[in-house]
Structure formats: C-alpha cells, structure tokens
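# Analysis of the macromolecular model
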Amino acid sequence: MSGLLAGKRLLVTGVITDASIAFSVAKLAQENGAQVVLTGYGRLSLVERIAKRLPEPAPVIEVDVTNTEHLAGLADRVREHVDGLDGVVHSIGFAPQSCLGGGFLDAPWEDVATALHVSTFSYKSLAMAALPLMSPGGAVVGLTFDATKAWPVYDWMGVAKAGLESTSRYLAMHLGKQGIRSNLVAAGPLRTIAAKSIPGFDQFETAWAERAPLGWSLTDQEPAARACLALLSDWFPATTGEIVHVDGGYHAIGS
C-alpha cells in the first residue's frame, strides 16, 4: 500500500452526491492508501449508492450528529469495519431556510438553534464520539467558509461557521494533550447541494470569478479535498487549531 495516507483509517461524513467535497475527500483518500468508512443520515440509500462510485465501495453507517444514541454507538459501529481511526472528516452543515437569504433579523431562535447544533456543536460531538477509536497522531478536519466577515445572504450559517472555527481551536487545545490535531479547511464557494440551498448564492460566484488572484472553479472540489488529505496526513504533525484557506486567494484581497 502506498500514498500520502497509506494505512490510515478515516471516517468521512457529509457524502450526499459525487459533487460534494466529502466525496472528493473519500475518493482521493482511497487513491492514497486509506481505508474509508462513510456516514449518512436520512437519505442513507442515496449515500450507499454514491459509496459504490468510489474506487473501492465504502461501508456506510447511519449517524445523526444531533442524536445522542447514534453518537454513543458510533465507535462500535465503526469497529465493525475497521479496528480504529486515524482521522475524522466533518463535512456537516444545515440551517433552516429562515436562517439564510437575508432574513438574519427575523430568524427565530428555534431555527438558529438547529443551525448551531447541526453545523457547530456537532464538530465537538463527532470528535468525542470517535475519540475512543483514535490514538496520538490522529486528526479531525472540518470544512468552513471564511467566518471573519459578514457575507450577504449567508446570515446565521455565517454565525454557525464562526462558532465552528472557534470550536476547532478549543478542540485543538483540549485534544492536543492526547496527540490529536484539529484543523479546518476554508473552501471558496462550490456548487454543492448545500450551496444550492442558499438563496442568492450567485453573488458569491460572481465575486470569486472576478477577484480570486488564482482564479476559482465553482465545480472543482479537488483543491479543497487535497488540503483535507494533507491535514489528515503525517506531513502536518505540529499543526493544530489552524484554518487553511483554499479559495484561490480571495480571502487575502481587500474589499
């Protein structure tokens, strides 16, 4: 077995279609020597179909990151397929429609709470559920969208991502004692299912196309996936609490 992740065992969440960043992560991980286990929830049969499109069909286990019973049983379910984990990929986010599209001032707490639970708190929940399977040298990697700014139409998901970025730093502090890293990849806008659910998403498309110094493809998930693989690998052994921007350099340009 050869490759950047030779011998690594990974849990990858968020694979819904083959246009998702998570699918690209799983595909490249397998091509680089890793064993991959996927999670899904709700549309599990869809995830199982997509899993068959990987170089090697990957097992799929059901995990609702807001369900304490699912989280408590995660380690046992994963052990049915691999004997431990070297990395976890968090590619999970959801906000009710009231939380997106310009309704920031009107979204009710119940909907905001859902967005924060699924998109922010789940990062910590998933990491802790997987922790019994992990050993020093392991890594948790999540996906964010630069939360240092307020973006049009992104609204409470932007707040959730800001919380995610802070959560990753706190996980880095607390899990560092066990030799486990926590890092995020801040990808530019991509035409995923999640993006299509955001009213006014075309505003991001136009801005990136015009201003990213390296240019930006809205349909190429591989650059973000490669960054995830690098952070999961042994090539970043002393990096934790970091956010790696994979956005064509857009974040570095003044508005």
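Everything below is about the structure shown above.
As the structure is a computational prediction, the values presented were derived from the model and not from experiment. (Residues numbered from 1 in each chain as written. Predicted model: local features only at pLDDT ≥ 70, side-chain atom pairs only at ≥ 80, totals over all residues. Heavy atoms only, no water.)

## Brief notes about the environment of valine 65
Turning to its location among the elements, valine 65 is positioned in the loop between strand S3 (60-62) and helix H3 (68-72). Under the relative-accessibility criterion, valine 65 is labelled buried at 7%. Here the alpha-carbon distance between valine 65 and alanine 75, two residues ten residues apart in the chain, equals 13 Å. Not counting the four nearest positions on each side in its chain, valine 65 is found in contact with Leu71, Ile92, His117, Val118, Ser122 and Ser125. (Helix = DSSP H or I, 4+ residues; strand = E, 2+ residues; numbered from the N terminus. Buried < 20%, exposed > 50% of the residue type's maximum accessible area, 1.4 Å probe, protein only. Contact = heavy atoms within 4.5 Å.)

## Observations regarding unusual backbone geometry
For valine 153, which is not glycine, the phi torsion reads 65° and is therefore positive. Structurally, valine 153 is set in the loop between strand S5 (134-144) and helix H6 (155-175).

## Considering the packing of aromatic side chains
Applying the stated criterion to the full structure yields seven aromatic pairs. For the pair phenylalanine 104 and tryptophan 156, a centre-to-centre distance of 4.4 Å together with 10° between the ring planes defines the contact as stacked. Highlighted residues: phenylalanine 104 in the loop between strand S4 (85-90) and helix H5 (109-130) and tryptophan 156 in helix H6, separated in sequence by 52 residues. Each ring, one from phenylalanine 145 and one from tryptophan 151, has its centre 5.4 Å from the other, and the planes form 55°; the classification is tilted. Phenylalanine 145 sits in the buried class, given a relative accessible area of 10%. The buried category is assigned to tryptophan 151, whose relative accessible area is 13%. (Phe/Tyr/Trp six-rings, centres within 6.5 Å; stacked < 30°, edge-to-face > 60°.)

## Side note on a nonpolar patch on the surface
Among the surface-exposed residues, Leu4, Trp235 and Phe236 lie close enough to one another that they form a single nonpolar patch of about 350 Å² accessible area. Here phenylalanine 236 shows up in the loop between helix H9 (222-232) and strand S7 (243-246). Overall, phenylalanine 236 belongs to the partly exposed group, its relative accessible area being 32%. (Patch = residues over 30% accessible without salt bridge, like charges linked within 9 Å, V, L, I, M, F, W, Y side chains within 5 Å. Areas by Shrake-Rupley, 256 points an atom, 1.4 Å probe, with all protein chains shown as cover. Salt bridge = Lys/Arg side-chain N within 4 Å of Asp/Glu carboxyl O.)

## Structural notes on the side chain of aspartate 155
Inspection of the secondary structure puts aspartate 155 in helix H6. Lacking a salt bridge, the buried aspartate 155 has lysine 161 as its closest oppositely charged neighbour, with an N-O distance of 15 Å. Each residue touching aspartate 155, except ones within four places of it in the same chain, is listed here: Cys99, Leu100, Gly101, Gly102, Gly103 and Phe104. (Lys, Arg positive; Asp, Glu negative; His and termini not counted.)

## A few points about the packing of H5 against H6
One way to put it is that H5 packs onto H6 with a least axis distance of 9 Å and a crossing angle of 20°. Of the possible angle classes, the one that applies to H5 and H6 is roughly parallel. Once H5 is placed against H6, the crossing between them reads as right-handed. For the pair H5 and H6, the contacting residues are Val112, Ala115, Leu116, Ser119, Thr120, Tyr123, Lys124, Ala127 and Met128 in the first and Trp156, Met157, Ala160, Gly163, Leu164, Thr167, Ser168, Leu171 and Leu175 in the second. Tallied by class, residues from the contact of H5 with H6 come to twelve nonpolar, five polar and one charged. (Axes fitted to C-alpha atoms, helices over the stretch in contact; angles between N-to-C directions. Parallel < 35°, antiparallel > 145°, perpendicular 65-115°, else oblique. Left-handed = near helix turned anticlockwise from the far one by under 90°. Nonpolar A, V, L, I, M, F, W, Y, C, P; charged D, E, K, R; others polar.)

## Examining the environment of glycine 137
Positionally, glycine 137 belongs in strand S5. Along the sequence, glycine 137 and leucine 232 sit 95 residues apart, while their C-alpha atoms lie 9.3 Å from each other. Ignoring sequence-local partners within four residues, the contact set of glycine 137 consists of Gly179 and Arg181.

## Let's talk about the pattern of salt bridges
Taken as a whole and judged by the stated rule, the model has nine salt bridges. With its nearest N and O atoms 2.6 Å apart, the salt bridge here joins arginine 9 to aspartate 83. Linking arginine 9 in strand S1 (residues 9-12) with aspartate 83 in the loop between helix H4 (74-79) and S4, this pair joins segments that are 74 residues apart in sequence. The exposure class assigned to aspartate 83 is exposed, which follows from its relative accessible area of 65%. Between lysine 27 and glutamate 31 there is a salt bridge, with the nearest N and O atoms lying 2.8 Å from each other. Taken as a pair, lysine 27 and glutamate 31 lie in helix H1 (residues 21-31) at a separation of four residues, close to a single helical turn. Glutamate 31 sits in the partly exposed class, given a relative accessible area of 43%. Each of Arg9, Asp83 and Asp86 takes part in salt bridges that share partners, so that together they form one network.

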